[in-house]
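Summary of the model geometry
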Amino acid sequence: MAKEKTLTYQEAVTELEKILKHLEQTEEVNIDLISAQVKRAGELMEFCRKQLHVLDAELAKIMEEIN
C-alpha cells in the first residue's frame, strides 16, 4: 500500500486557487463537477483553518516562553 502524501498549507491554498479559477472561468454547468469542487474547497478551507489554529497556539506558547 502506498503511503499517502501529507498535504501542506501552501498546497491546500494553491488547490483552492485552482478551484476558484476554474469556477470563475468555466461556462459549462456541470452540477456534479461543481458540487465536487465546492465540497473539496470546503475540505481544504477546514484544513487551512486547523493549520492556522495550530500555528497560532504554537506562536502564543513561544511568546509566553519569551516573556
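Reference entry: report on the structure contained in this document. (Residues numbered from 1 in each chain as written. Predicted model: local features only at pLDDT ≥ 70, side-chain atom pairs only at ≥ 80, totals over all residues. Heavy atoms only, no water.)

1. Here's the deal with the side chain of Gln 37
Mapping Gln 37 onto the fold places it in helix α2 (residues 31-66). A distance of 3.0 Å separates polar atoms of two side chains, one belonging to Gln 37 and the other to His 22. Those residues in contact with Gln 37 that lie beyond four places of it in its chain are Ile 19, His 22 and Leu 23. (Helix = DSSP H or I, 4+ residues; strand = E, 2+ residues; numbered from the N terminus. Polar contact = N/O pair within 3.5 Å; in protein donor to acceptor, adjacent residues only side chain to side chain. Contact = heavy atoms within 4.5 Å.)

2. A closer look at the nonpolar core
Of all hydrophobic cores here, the largest spans 6 residues; its members are Ala 12, Leu 16, Ile 19, Ala 41, Leu 44 and Cys 48. When residues of this core are traced back to their parent elements, those giving at least two are α1 (9-25) and α2. Contacts of Leu 16, omitting those with residues within four sequence positions, involve Ala 41, Leu 44, Met 45 and Cys 48. (Core = buried A, V, L, I, M, F, W, Y, C linked by side-chain atoms within 4.5 Å. Buried < 20%, exposed > 50% of the residue type's maximum accessible area, 1.4 Å probe, protein only.)

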